[in-house]
Amino acid sequence: MDGYRIVRDRSLAEKIREYWIEAPMVAKKHRAGQFVIIRLHEHGERIPFTVVQTEAEKGLIRLISQSVGKTTEEFTDYHTGDSILDVVGPLGLATHMENWGELVVVAGGVGAAPLLPIVKSAKGSGNQVHAIIGARSKNLMILEDEFREVCDEVRVCTDDGSHGSKGLVTDVLRSWAAEGKKFAFGITAGPVIMMKATAEAMRDLSIPGLASLNPIMVDGTGMCGACRVTVHGKTRFACVEGPEFDALGVDFHELILRNRAYRKQEMEALDHYHSEGCRLLKAAQELAHV
Amino acid sequence: MSEQKRNLKLHPPRVPMPEVAPEERIKGFMEVPLGYTEEQARLEAERCLDCKNPKCVAGCPVNIDIPKFLKEIREGRYEDAARTLRETNSLPAICGRVCPQEEQCEARCIEGIKHDPVAVGNLERWVADWEREHGAIPLPEIPEPTGYKVAIVGSGPAGLTVAGDLAKLGHDVTVFEALHRPAGVLAYGIPEFRLPRMIVNSEIDYITRLGVKFVFNVVVGVTVTLDELFAEGYHTIFIGTGAGLPKMMNVPGENCVGVFSANEFLTRVNLLGASKFPEYDTPILDSRHTVVVGGGNTAMDAARIAKRLNGQKVSLVYRRSIDELPARKEEVHHAQAEGIEFNLLCNPTEVLGDENHIITGIRCVRMALGEPDDSGRRRPEPIPGSEFVLDCDAVVVAIGNSPNPILTKATPDLEVTKWGTLKIDADTGATSKSGVYAGGDIVSGAATVILAMGAGRTAAAAMHRYMMGLPRPLRQMAS
Ligand SMILES: Cc1cc2nc3c(=O)[nH]c(=O)nc-3n(C[C@H](O)[C@H](O)[C@H](O)COP(=O)(O)OP(=O)(O)OC[C@H]3O[C@@H](n4cnc5c(N)ncnc54)[C@H](O)[C@@H]3O)c2cc1C
Ligand code: FES
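This is a predicted model, so every value here is computed, not measured.

Here's the deal with the interface of chain B and chain A
Counting from both sides, the interface comprises 45 residues of chain B and, opposite them, 47 residues of chain A. Summed over the three residues of chain B that lose the most area to chain A, namely B:Asn217, B:Asn255 and B:Asp281, the buried surface amounts to 19% of that side. Between B:Arg181 and A:Glu42 there is a salt bridge; the shortest N-O distance is 3.0 Å. Connecting chain B to chain A are 22 residue pairs in polar contact (both at pLDDT 80 or more). Considered class by class, the residues forming the side of chain B that touches chain A number 23 nonpolar, 13 polar and nine charged.

Regarding the packing of aromatic side chains
Two aromatic rings, taken as a pair, are described by how far apart their centres are and by the angle between their planes. Under the definition given, this model contains 12 aromatic pairs over all chains. Each ring, one from B:Tyr437 and one from B:Tyr466, has its centre 6.0 Å from the other, and the planes form 65°; the classification is edge-to-face. Of this pair, B:Tyr437 sits in strand E16 (residues 436-438) while B:Tyr466 sits in helix H19 (residues 449-468), placing them 29 residues apart in sequence. Of the residues examined, B:Tyr437 reaches a relative accessible area of 7% and is grouped as buried. One aromatic cluster in this structure is built from A:Tyr19, A:Phe49, A:Phe75 and A:Tyr78.

Quick word on the domain arrangement of chain A
Residue and element names in this part refer to chain A. Each domain of chain A was delimited in the assignment, giving domain 1 (4-91), domain 2 (102-257) and domain 3 (260-290). Taken together, the five residues of domain 1 in the interface contact four residues of domain 3. Buried surface at the junction of domain 1 and domain 3, both sides included, amounts to about 420 Å², of which 72% is carbon and sulfur. Taken together, the connections running from domain 1 to domain 3 amount to one residue pair in polar contact (both at pLDDT 80 or more). Residue composition of the side of domain 1 that touches domain 3, grouped by class: no nonpolar, one polar and four charged.

Thoughts on the sheet that holds strand E14 (residues 394-397) of chain B
Residues and elements named next belong to chain B. Spatial ordering of the open sheet is given by E6-E14-E7-E8-E9, a layout of five strands whose pairing is parallel. Only two strands of the sheet have a single partner each, and these edge strands are strand E6 (259-261) and strand E9 (341-344). For this sheet the average axis-to-axis angle between neighbouring strands, irrespective of direction, equals 20°. Strand direction decides the pairing type here: strand E7 (residues 289-293) and strand E8 (residues 313-318), joined by five bridges, are parallel. Bridge pairing in E8 links valine 292 to leucine 316. Relative to E6, helix H14 (residues 262-271) is tilted by about 85°, and along the sheet it contacts E6 and E14. The strands touched by helix H15 (residues 297-310) within the sheet are E7, E8, E9 and E14, with E8 carrying the most contacts at an inclination of about 165°.

Digging into the pattern of salt bridges
Across all of its chains, the model carries 59 salt bridges over all chains by this definition. Residue A:Asp152 is joined to A:Lys123 by a salt bridge in which the shortest nitrogen-to-oxygen separation is 2.7 Å. Here A:Asp152, found in the loop between helix H4 (144-150) and strand E11 (153-158), pairs with A:Lys123, found in helix H3 (residues 112-124); they are 29 residues apart in sequence, far enough to count as distant. Taking relative accessible area as the criterion, A:Lys123 reaches 28% and is therefore assigned partly exposed. With a closest N to O distance of 3.7 Å, B:Arg74 and B:Asp50 form a salt bridge. Here B:Arg74 is found in helix H4 (residues 66-74), whereas its partner B:Asp50 is found in the loop between helix H2 (38-45) and helix H3 (55-59), with 24 residues between them in sequence. Overall, B:Arg74 belongs to the buried group, its relative accessible area being 4%. Given the relative accessible area of 31%, B:Asp50 is considered partly exposed.

Remarks on the environment of A:Gly33
All names here are of chain A. The residue glycine 33 is located in the loop between helix H1 (24-29) and strand E3 (35-39) in this model. Separated by 81 residues in the primary sequence, glycine 33 and proline 114 place their C-alpha atoms 6.6 Å from one another. Discounting residues that sit within four places of it in the chain, glycine 33 has contacts with Leu93, Thr95, Ile118, Pro243 and Glu244.

Here we look at the packing of H4(B) against helix H5 (residues 78-88) of chain B
All names here are of chain B. For the pair H4 and H5, the least separation of the axes is 7 Å and the interaxial angle reads 165°. As the angle between them shows, H4 and H5 are arranged roughly antiparallel. The two elements H4 and H5 meet at a crossing, and its hand is left-handed. The segment H4 lies against H5, with Lys68, Phe69, Glu72 and Ile73 engaging Tyr78, Asp80, Ala81, Thr84, Leu85 and Glu87. In the contact of H4 with H5, the residues fall into five nonpolar, one polar and four charged.

Details of the site of ligand 1
Residue and element names in this part refer to chain B. The full set close to ligand 1 counts 33 residues, and Val98, Glu177, Arg194, Val220 and Asp441 are the nearest of them. One of the backbone N or O atoms of valine 98 is found 2.5 Å from a nitrogen atom in ligand 1. Aspartate 441 is positioned with one of its backbone polar atoms (N or O) 2.8 Å from an oxygen atom of ligand 1. Protein coverage of the free-state accessible area of ligand 1, which is 1000 Å², stands at 94%. Of all the elements in the fold, those that place two or more residues in the shell around ligand 1 are helix H10 (157-168), H15 and H19. It is H15 that provides the largest number of residues to the shell around ligand 1, a total of three residues.

Concerning H14(B)
Counting buried residues in H14(B) gives 10 out of 10 residues, a clear majority hidden from the surface. Burial in H14(B) covers these residues: B:Ala262, B:Asn263, B:Glu264, B:Phe265, B:Leu266, B:Thr267, B:Arg268, B:Val269, B:Asn270 and B:Leu271.

Some thoughts on the domain arrangement of chain B
Residue and element names in this part refer to chain B. For chain B, the assigned domains are domain 1 (3-133), domain 2 (149-244 + 403-478) and domain 3 (248-399). Put simply, the middle of domain 1 and the middle of domain 2, counted by C-alpha atoms, are 29 Å apart. If you look at the interface, domain 1 gives 24 residues, while domain 2 gives 22 residues. Interface of domain 1 and domain 2: buried area, both sides summed, is about 1900 Å²; carbon and sulfur atoms make up 71% of it. Broken down residue by residue, the surface that domain 1 buries against domain 2 is led by Leu91, Ile94 and Val98, which jointly contribute 28%. For the pair domain 1 and domain 2, the interface holds one salt bridge. For glutamate 203, the salt bridge identified is with arginine 86, shortest N-O distance 3.5 Å. Summed over the shared surface of domain 1 and domain 2, the result is four residue pairs in polar contact (both at pLDDT 80 or more). Of all the secondary-structure elements, those providing two or more residues to the side of domain 1 that touches domain 2 are H5, helix H6 (92-98) and helix H9 (120-133). Of the residues belonging to the side of domain 1 that touches domain 2, the class tally is 14 nonpolar, four polar and six charged.

What counts and what doesn't
Residues numbered from 1 in each chain as written. Chains lettered and ligands numbered in written order. Predicted model: local features only at pLDDT ≥ 70, side-chain atom pairs only at ≥ 80, totals over all residues. Heavy atoms only, no water. Contact = heavy atoms within 4.5 Å. Buried area = accessible area lost by both parts, 1.4 Å probe. Salt bridge = Lys/Arg side-chain N within 4 Å of Asp/Glu carboxyl O. Polar contact = N/O pair within 3.5 Å; in protein donor to acceptor, adjacent residues only side chain to side chain. Nonpolar A, V, L, I, M, F, W, Y, C, P; charged D, E, K, R; others polar. Phe/Tyr/Trp six-rings, centres within 6.5 Å; stacked < 30°, edge-to-face > 60°. Helix = DSSP H or I, 4+ residues; strand = E, 2+ residues; numbered from the N terminus. Buried < 20%, exposed > 50% of the residue type's maximum accessible area, 1.4 Å probe, protein only. Domains from an automatic or database assignment. Pairing = 2+ DSSP bridges. Axes fitted to C-alpha atoms, helices over the stretch in contact; angles between N-to-C directions. Parallel < 35°, antiparallel > 145°, perpendicular 65-115°, else oblique. Left-handed = near helix turned anticlockwise from the far one by under 90°. Near = heavy atom within 4 Å. Areas by Shrake-Rupley, 256 points an atom, 1.4 Å probe, with all protein chains shown as cover.

If you want it as C-alpha cells, here you go:
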C-alpha cells in the first residue's frame, strides 16, 4: 500500500485546511454524518475526521482539519501530491434524515464541517434549512459561502463581533426563536462546551435534535470503547452507535472531561514535534553550509 | 543414539525453559522465554516415550503428529520436523508460544501421569525457530492458478490459515482487514514479550510469498459488503472477524478518565506503539497503580504491559480463586514473578472518581465460591458487607470479548446465535449464506489461536471443494 494521495489542499482559515484525498472505496459508500479514521505515517496515531464532501466518480473525499495538536499540526505539512498512510471508513451511522419541516443547524468553529453534508442531505429531503454559524472571530469562520448556497437562511456570529453579530450561537438561536420562528428539529456540531450550551437552549426552546459528538477514538469500529459517551444514562460507543446522539440526552460534562484525558501528553507530543522539527531544520541548515 | 537403545526408565526431569529474569524483563518488551538451545531440545525430545497409542496427538486441536516430530528432533532431522509441524499447523512458531499446551497435548502425555509431561510446546517453538533462522521457510509447489477468487474477511489466525491453505491450492486469495496491520489479536492483542512482532511478520511474509494479497483499512460490511465482493468476482468468502467487542463491567463510574477496555489498552501499546510515546504519536496515561479486572490471558497481558510501562504497581482483581484463572499457567507464573498483586475472590462494584471525573479508586466486594454454574465452575457470590476500596489511577477491564456485530448487521442473510456468533455447519464451516464460510472466534466466541486455525483449516478444505464444483471461471477456460 502506498497510501492515500492528496490531490488538492488549501487553507480555509487560520490553522484550518482542507484536503481532497483519493479514497475511492470510502467515496463510493459515504453518506452524510459518516467519518473516516486516518493515520498519517508509520508512527502516527489514528484520528477521526468527518467526510465533508465526496466526488464519488473521481474517488475523492474532502476532509477539513484544524490544527489543535501534534497530529493535526503535522497534517498541515501535508500537501497536494503527498500521501497519508491510512484512511478507513466510512465509519459511524449516517445521519437519520427525514422531513422535519423547519430545521436549524448550529455550528461552532470547525463544527461547520460535519454539518455541511447534513444540510445538503436535509435540503434534499425537503426541509427548510436554517443555519447558525459561530466562530471566535472572522478569520476562523469556515464554509459560510457553501452554507449560504444550500440553506434557506444563514446567520453568523463571532465572539468578538468581527463578523456577523457579536455573541454566541446560542444568543442567535434564542433571538431567532424569540422572533417567533418555530424550529421543529435542531442539529449541532462544534466544541463540546458550545454543543452543551446549544443543547440547553434547545431544551429551553423545546427543539428536539441531535449533537454530533467528537470523543477520542482509536479503531472507530467498536473494538476499543475509547469513544464511550453517556446518553440518557447509558454508555454508548460513539464510533458505531453515533457520532450523532439525542442532544438533550448527552452527558456533555463527562465528554469534556474525557476529551481532556491526554492533555498533558498532547502538549508533550507537540513540544517533541517542534523540537524535533527544529533539530532537523538546524541539521539541514548546517548541511547546506558545508 | 539409535531409537532402540534409548533408556526410557530414567525419567529425567523436564528441561526448564530459560527465561529473562523478572527484574530485567520488566524494563522492556523483550521476549521472556529465551527458547531451548539445540542440546536442550534434543535432551527434552529424548523424554518422549514414543507411545504406541499416543494420546498427545488427540489432545492437539490440529492433531500434529507429535511423536513423529519429536523423533525427528532426536535424530537431528530438523527440516523434517519442521515439515511435520507444517503438515497440520501453518503457524507453528506462534502456537509454540501461545497455545495452552498444559490443557491440550501436554495434559494427555503419558510421561506426565507420574512425571513431568514432555514440553511439546517448547519443542514446537524450537523447531519453528530453527526453521526460520535457517533460511526462508521453503515454499511448497503451487499448482497452476485455478482462476477462482477467494475473499477472506479478517487477518487473524483463522483468516491467515484459510488464506495460506487456499493459496497453496492455486486459488487467488485476497485478505480484507479493517485495521492498518495484519494478524488480528496476534498483532493488537498479544504483546511482544510473549510473541515478538518478528515472528508474526515472518508468518505474514510466508503467506504473502504464497501469493496472498492483503488489503487494509477495509471494514467489510461497511466499506464493502459481502454481496459486493461476490459481484466483484469473488467465488467464495471466509469470515474470520474474531470476537473484538469488549465487555464492560456496567458498574457506576466506569466512564471515568483512566478506565480502559483491555482492547483499548492493548491496541494503544501493541498496535500503535504507545510505550514509545512521544516517538510514536499515540499516548497512554502515565499511571502509578493500575488495577486489571479479569483472569484470562488478556488480563495477564494487560497487567504485564502496565508493569512494563513504568514499573508501576499493578494489581489484578479476579472474582474466582487461583484454580479457576482461565489464563495459561505459564502466564500466571510470569505475572506473579513480575510482582503483579493478585486480588482473588473479589469483584468490582464501582469506579470512584474525583470532581474532574478522573479515577481515584475501585470499590470491590469479596466473593465466596458457591454451587457450580453452567460452566461447571463454582459460582462466585458476593459476601455482604465485605466491600473495600483499592486506590488506583487506572483500571483495565479484561472480562471478555464478544463478536463485533458490524458485518453481521450489514448482512441480514447471515444467521447468528443469540450471542452474536455465526451459525455454521460444523463439518464445513459453511454459514447460512451461500458461498460464505466462517471460523475462529466469530463462531466459537473468544477462544484460542489453535482453535481458530483448526476452524480455518476445516473451512479451507470445504471452500476448495465448493469452488472446484463451480463452473470453471471464464478466465481459466479461455487460457
Ligand atoms: C490479549 C489476548 C491474549 C490472548 N492470548 C492467547 C494465548 O496466549 N493463546 C491462545 O491460544 N489464544 C489467546 N488469545 C485468543 C486468540 O488470540 C483468539 O482466539 C484468536 O486470535 C482468534 O482468531 P480469529 O482469527 O478468529 O480472530 P482475530 O484474531 O480476532 O482476528 C480477527 C481480525 O478480523 C478483523 N476484522 C473484524 N471485523 C472485520 C470486518 N468487518 N472487516 C474486516 N476485518 C475485520 C479484525 O480487525 C482482526 O484483525 C488471546 C486473546 C487476546 C485478546
Ligand atoms: S473508537 Fe474504538 S470503539 Fe469507538
